[in-house]
2 protein chains.
Amino acid sequence: MNQEPNPASDAIGRLVQEFSKLPGIGPKSAQRITFYLLRSSEEEAAALAEALLSLKQRINLCSLCCNVTELDPCPICRNPQRETSQVCIVEQPQDVIALEHTGVYKGLYHVLHGAISPTEGIGADDIRISELLSRLQNNTVQEVILATNTNLEGEQTAMYLSRVITPLNIKVTRLARGLPFGTELEYADDVTLTRALEGRQEF
Amino acid sequence: MNQEPNPASDAIGRLVQEFSKLPGIGPKSAQRITFYLLRSSEEEAAALAEALLSLKQRINLCSLCCNVTELDPCPICRNPQRETSQVCIVEQPQDVIALEHTGVYKGLYHVLHGAISPTEGIGADDIRISELLSRLQNNTVQEVILATNTNLEGEQTAMYLSRVITPLNIKVTRLARGLPFGTELEYADDVTLTRALEGRQEF
């Protein structure tokens, strides 16, 4: 539907097309959003446009942890309350948000911006691993927590990192794998169950 | 989640919040879209921002049919190939797109921008009915096709329009109501089945 010229207007058709490019927005949703904006106040569309433009202008990567930030170092790296002996390694900036949301972790982060994936041709040099390694040279870090995704790419990345970080005399841990909260055992998949068994803990 | 300040950046948090205001986009999708734009090229975010800004600047209502348009009269009203004796009345500009998509209808439209709804305090004066009636004075229109939604508000609006247009000696028809394409009779609701029975046609 987004291929067809809108009979009423190019401006509408173009906005529908731009929205359709975004992840999770099909042509029908794009059209619904466009007509919603057409009915709403001029300020609302302008606020969205302004937020879009300032995103790219103001966001850079933190020179320490590689997270997205407006300040360098980022608010987490410059926070004196954070535990500098721990670094949690994640694939994406969104993962930092998810972990911060728990309120449990008080250490620092390192954002890889991807995972090693031979099938997609992404090697160790294509993600922010060299930045991590030079950061680990200064001896303040005592524990690295691997928090990559639990899919194939994430596991490969964790394995690689464990191999290169262990020789630096830094403790390497990773997030526990097991049954997620609220699972009925009956419906848990084999891999999850196997890992839950292997990782069983004393009660 | 969109209530919390983003630990990494105000610019990210603000864009997430702006996207969350759009229909069908929750805070999680808003975050996904924002980080997608952060990874994509500067041109992509700029194109979306520009499309947003030009939407409000360039779109007006057609002075004849009240559809959204950049030109006045709109491309449909100014098209000499369209049948000017028929006017199809719809609630929203999106409805014109849906009907045009069938390629079947060759007449003109009139967009009401809403429906009569006593419960929401929307009366006949709050939608574009007076524009329609003055348009019907000039004697070229021979048939008005009511294509309002088949919900309570749409039916009330159709009933009202039929009452005020019939005295003008114009034929008033409405879209057929019945079973939608692909229905299994077993699962059709009572109202649909009743209307399909009442509106049965010779085979």
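Structure report, in brief. Computed from a prediction, not measured in an experiment: that's the story for all the values here.

Considerations on the overall build of chain A
Reasoning step 1: Scanning chain A for helices and strands turns up seven helices and six strands.
Reasoning step 2: Listing each helix as α and each strand as β along chain A from the N terminus yields α-α-α-β-β-β-α-β-α-β-α-β-α.
Reasoning step 3: Taken against the 2.2 N^0.38 rule, which gives 17 Å for 203 residues, the C-alpha radius of gyration of chain A at 22 Å runs more than 25% over that of a compact globule.
Reasoning step 4: Judged by the C-alpha coordinates and their principal axes, chain A covers about 65 × 45 × 35 Å.

Description of the pattern of salt bridges
Close approach of charged atoms allows side chains with opposite charge to pair.
Reasoning step 1: This model, assessed by the stated rule, comprises 16 salt bridges over all chains.
Reasoning step 2: Residue E155 of chain A is joined to R174 of chain A by a salt bridge in which the shortest nitrogen-to-oxygen separation is 2.9 Å. Highlighted residues: E155 of chain A in helix α6 (residues 152-165) and R174 of chain A in strand β6 (residues 171-174), separated in sequence by 19 residues.
Reasoning step 3: Judged by relative accessible area, E155 of chain A falls into the buried class, the value being 14%.
Reasoning step 4: Among the ionic pairs, R195 of chain B bridges to E155 of chain B, the shortest N-O distance being 3.5 Å. Taken together, the residues R195 of chain B in helix α7 (residues 190-198) and E155 of chain B in helix α6 (residues 152-165) connect sequence positions 40 residues apart.
Reasoning step 5: The partly exposed category is assigned to R195 of chain B, whose relative accessible area is 23%.
Reasoning step 6: Here the salt bridges do not stand alone but share partners, grouping E155, R174, R177 and R195 of chain A into one network.

Digging into the sheet that holds strand β5 (residues 143-146) of chain A
All names here are of chain A.
Reasoning step 1: Pairing is parallel across the open sheet formed by four strands, whose spatial order is β4-β3-β5-β6. Bordering the open sheet on either side are β4 (107-111) and β6, each of which pairs with just one other strand. In this sheet, adjacent strand axes meet at a mean angle of 25° when their direction is disregarded.
Reasoning step 2: Relative to β4, strand β3 (residues 83-90) is paired through five bridges, and the arrangement is parallel.

Side note on the environment of V172 of chain B
Residue and element names in this part refer to chain B.
Reasoning step 1: Tracing the backbone shows V172 in strand β6 (residues 171-174).
Reasoning step 2: On the basis of relative accessible area, V172 is assigned to the partly exposed category, the value being 24%.
Reasoning step 3: Separated by 18 residues in the primary sequence, V172 and D190 place their C-alpha atoms 26 Å from one another.
Reasoning step 4: Look past the residues within four positions of V172 in its chain and what remains in contact with it is V144, L146, S162, I165 and T166.

Regarding the packing of aromatic side chains
Residues and elements named next belong to chain A.
Reasoning step 1: A complete count under the given rule lists two aromatic pairs over all chains for this structure.
Reasoning step 2: Between Y105 and Y109, the ring centres sit 5.2 Å apart and the planes meet at 65°, which makes this aromatic pair edge-to-face.
Reasoning step 3: For Y105, a relative accessible area of 12% translates into the label buried.
Reasoning step 4: Taking the relative accessible area as the measure of exposure, Y109 reaches 2% and is therefore buried.

With respect to the pairing of β5 of chain A
All names here are of chain A.
Reasoning step 1: Of the two faces of β5, both are covered, the one formed by E143 and I145 as well as the one formed by V144 and L146.
Reasoning step 2: The pairing of β3 with β5 spans four bridges and is classified as parallel. Of the residues in β5, the one forming a bridge with V87 is V144.
Reasoning step 3: With four bridges connecting them, β5 and β6 associate as parallel partners. Each bridged residue has a counterpart across the sheet, and for L146 the counterpart in β6 is R174.
Reasoning step 4: Regarding the hand of the β-α-β motif, the stretch spanning β5, α6 and β6 is right-handed.

Calculation criteria
Residues numbered from 1 in each chain as written. Chains lettered and ligands numbered in written order. Predicted model: local features only at pLDDT ≥ 70, side-chain atom pairs only at ≥ 80, totals over all residues. Heavy atoms only, no water. Helix = DSSP H or I, 4+ residues; strand = E, 2+ residues; numbered from the N terminus. Rg over C-alpha atoms; globule rule 2.2 N^0.38 Å. Salt bridge = Lys/Arg side-chain N within 4 Å of Asp/Glu carboxyl O. Buried < 20%, exposed > 50% of the residue type's maximum accessible area, 1.4 Å probe, protein only. Pairing = 2+ DSSP bridges. Axes fitted to C-alpha atoms, helices over the stretch in contact; angles between N-to-C directions. Contact = heavy atoms within 4.5 Å. Phe/Tyr/Trp six-rings, centres within 6.5 Å; stacked < 30°, edge-to-face > 60°. Right-handed = clockwise from strand over helix to strand, strands pointing away.

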